[in-house]
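Understanding the architecture of this molecule
Residue-level listing of the chains:
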Amino acid sequence: MRPIRIAVADGAVANLDWIMPLAKDLGCELVFGPVETVEQFAKTTLDCDGVIVTLQQITAEKLTNKPDSLRVLGRAGVGLDSIHLPTCVDEKITVIFQPLYAMEEVANHALSMILALHRGLFSADAMVRDFQWGPATEVAEIISLQDSTVGVIGCGRIGQTVIRKLQPFVKQVLGYDVNINGPIDGVTMVESLDELLSRSKIISLHTPHLPSTHHLIDAEALAKISKGTIIVNVSRGGLIDESALASSLNTGHISAAGLDVFETEPLAIDSPLRQAKNLILSPHIAWYSKSSGPRLIQWTLLDLFMHLSNKPIKNGAFATGPF
Ligand code: NAD
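Residues numbered from 1 in each chain as written. Predicted model: local features only at pLDDT ≥ 70, side-chain atom pairs only at ≥ 80, totals over all residues. Heavy atoms only, no water.

Comments concerning the overall build of the protein
Check the secondary structure of the protein and you find 11 helices and 13 strands. Relative to its length of 323 residues, the protein is compact, with a C-alpha radius of gyration of 22 Å against a globular reference of 20 Å. Based on the C-alpha atoms only, the size of the protein along its principal axes is roughly 70 × 50 × 35 Å. Relative to its 323 residues, the protein shows a buried fraction of 51%. For the protein, contacts bridging at least 24 residues in sequence account for 63% of all contacts bridging at least 6. In the form shown here, the protein has an accessible surface area of approximately 15,400 Å², with 55% of it arising from carbon and sulfur atoms. Between the centroid of the 26 positive side chains of the protein and the centroid of its 34 negative side chains there is a distance of 6 Å. (Helix = DSSP H or I, 4+ residues; strand = E, 2+ residues; numbered from the N terminus. Rg over C-alpha atoms; globule rule 2.2 N^0.38 Å. Buried < 20%, exposed > 50% of the residue type's maximum accessible area, 1.4 Å probe, protein only. Contact = heavy atoms within 4.5 Å. Areas by Shrake-Rupley, 256 points an atom, 1.4 Å probe, with all protein chains shown as cover. Lys, Arg positive; Asp, Glu negative; His and termini not counted. Charge placed at Lys NZ, Arg CZ, Asp CG, Glu CD.)

Comments concerning the nonpolar core
Formed by 66 residues in total, the largest nonpolar core has its most connected members in Ile6, Leu30, Ile52, Ile58, Leu73, Val232 and Leu301. Ranked by residues supplied to this core, first place goes to helix α11 (residues 292–308) with eight residues. Residue-level mapping places this core at the junction of two domains, with at least three residues from each of domain 1 (5–101 + 289–320) and domain 2 (103–281). In this view, Leu73 contacts Val51, Val53, Ile58, Leu63, Ile83, Ile93, Thr94, Val95, Ile96 and Leu304; residues no more than four positions away in its chain are not counted. Core analysis: the next-biggest nonpolar cluster, separate from the first, contains 29 residues, Leu174, Leu239, Leu267 and Leu279 among them. (Core = buried A, V, L, I, M, F, W, Y, C linked by side-chain atoms within 4.5 Å. Domains from an automatic or database assignment.)

Details of the site of the ligand
Residues in close proximity to the ligand total 24 residues, the closest being Arg157, Ile158, Asp177, Asn179 and Val234. Arg236 places a side-chain nitrogen or oxygen 3.3 Å from an oxygen atom of the ligand. Compared with its free state, where it exposes 870 Å², the ligand has 90% of that area covered by protein. In terms of residue class, the shell around the ligand is built from 11 nonpolar, nine polar and four charged. (Near = heavy atom within 4 Å. Polar contact = N/O pair within 3.5 Å; in protein donor to acceptor, adjacent residues only side chain to side chain. Nonpolar A, V, L, I, M, F, W, Y, C, P; charged D, E, K, R; others polar.)

A closer look at the domain arrangement of the protein
By the assigned domains, the protein splits into domain 1 (5–101 + 289–320) and domain 2 (103–281). Between the C-alpha centres of domain 1 and domain 2 the distance comes to 32 Å. With 11 residues of domain 1 in contact, the opposing surface of domain 2 contributes six residues. Where domain 1 abuts domain 2, roughly 680 Å² becomes buried across the two surfaces, and 47% of that area is made up of carbon and sulfur atoms. Three residues stand out in domain 1 for area buried against domain 2, namely Asp81, Pro99 and Leu100, and they jointly supply 52% of the buried area on that side. (Buried area = accessible area lost by both parts, 1.4 Å probe.)

Points about the pattern of salt bridges
Taken as a whole, this structure holds 10 salt bridges when the rule is applied. Glu220 is the partner of Lys224 in a salt bridge, and the nearest nitrogen-oxygen pair spans 3.9 Å. Remark: Glu220 and Lys224 occur in helix α9 (residues 219–224); sequence separation between them is four residues, near one turn of the helix. (Salt bridge = Lys/Arg side-chain N within 4 Å of Asp/Glu carboxyl O.)

A few points about the side chain of Ser282
The topology assignment puts Ser282 in the loop between β12 (279–281) and α11. Polar contacts involving the side chain of Ser282 include one to the side chain of His109, which spans 2.9 Å. Look past the residues within four positions of Ser282 in its chain and what remains in contact with it is His109, Met113, Leu259, Asp260 and Phe262.

With respect to the sheet that holds strand β2 (residues 29–33)
On the basis of which strands lie adjacent, the open sheet formed by six strands has the order β2-β1-β3-β4-β5-β13 and mixed pairing. The open sheet is flanked by β2 and β13 (317–320), the only strands paired with a single partner. Between one strand axis and the next, the sheet turns through 25 degrees on average, direction left out of account. In the sheet, strand β5 (residues 94–97) pairs with β13 via three bridges, with the strands oriented antiparallel. Paired with Phe97 across the two strands is Ala317, which belongs to β13. (Pairing = 2+ DSSP bridges. Axes fitted to C-alpha atoms, helices over the stretch in contact; angles between N-to-C directions.)

So, the pairing of β5
Of the two faces of β5, the one holding Thr94 and Ile96 and the one holding Val95 and Phe97 are both buried throughout. One crossover worth recording links strand β4 (residues 72–75) to the parallel β5 by way of helix α4 (residues 85–90), and it is right-handed. (Right-handed = clockwise from strand over helix to strand, strands pointing away.)

Quick notes on the side chain of Ser148
Relative to the elements of secondary structure, Ser148 occurs in the loop between α6 (121–129) and β6 (149–153). Using a relative accessible area of 3% as the deciding quantity, one classes Ser148 as buried. Apart from the residues within four sequence positions on either side, Ser148 is in contact with Ile143, Val170, Lys171 and Gln172.

Some details on the sheet that holds β12
Neighbouring strands of a sheet are bound in pairs by backbone hydrogen bonds; such pairs are parallel or else antiparallel. Ordered in space as β8-β7-β6-β9-β10-β11-β12, the seven strands form an open sheet in which the pairing is parallel. Looking at which strands have only one partner, the edges of the open sheet turn out to be β8 (187–189) and β12. With strand direction ignored, the average angle separating the axes of adjacent strands in the sheet is 15 degrees. Here strand β10 (residues 229–233) pairs with strand β11 (residues 254–259) via five bridges, running parallel. When the sheet's bridge partners are listed, Ile231 is paired in β11 with Ala257.

Quick notes on the state of the cysteines
Applying the stated rule across the entire model yields zero disulfides. Free of any disulfide, Cys28 has its nearest cysteine sulfur in Cys48, 9.4 Å distant. On the basis of relative accessible area, Cys48 is assigned to the buried category, the value being 0%. (Disulfide = S-S within 2.5 Å.)

See the structure below:
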């Protein structure tokens, strides 16, 4: 019997030292290759039992043209919007993802953006570098954080981690989640998105990107947000209409924003966000730390290996199956 063979999409592992020793210990063969096109996906996964991907689009066409040997797909990450899950079910491909590997990192990134934007740190830095020295009133509209209401949209794993970390800083936390009815400690759950938008001075987005959450924050939603509010999105770019946000930042209606994720990644050269005022950007790195980077790929490989060895998985969760 040949060893378990797992394909790893090009770009899914930043550092081979994170994965090769574990693969050797498990006695598992790894095959690296591109999965961008239908042909590349089929070629890279040929004779493989599993495949590890990160943010590559795994379309219905790729999945229906897969080799017969391919039984499990490991999503090294949390969001499942890049994978056509209904076809995985039809094709009986088990999908395993890793919801727990970086909750703290992602929450810390949101928190860092909120605190930096709220204190106007980026405009303060620019001011000093530009040989200016205040006045403080020109740096940013700094409302005392302890008097502010924060609205968290999507109160799942990461949303609740953000809430726990933010609570000591702020006056009140409002939460909105279509699937959570029960109480969350110290959070005022609101009945509608509109209520959260109109009552919050800082808004942090933590829902998955689904058809129902696409452009959740569009021009209409932005108009319902009170002037001078901060928005942070470390979840998925598709949650926000980027042109509408850029306009709202430029008029000063939204006072500042922080984005780690974008509708198109890398950010398009002609994106209106590049010229928008009071905006801080990061290249989809909220998940990363020196611990979470290796942890993600090691947990993913181990779970695929365990599943293919007919043993319980240790770290992740099933998004489809197990078949
Ligand atoms: P989760 O499933 O635990 O929580 C998501 C919550 O959103 C759920 O409670 C769900 O009920 C809620 N929700 C769904 N639709 C909603 C709607 N229309 N309105 C309000 N709430 C809604 O997921 P999580 O682990 O907290 O992760 C959230 C997202 O974070 C992921 O889907 C992923 O896109 C993103 N993420 C980003 C990074 C990064 O590096 N930037 C890393 C990890 C995860």
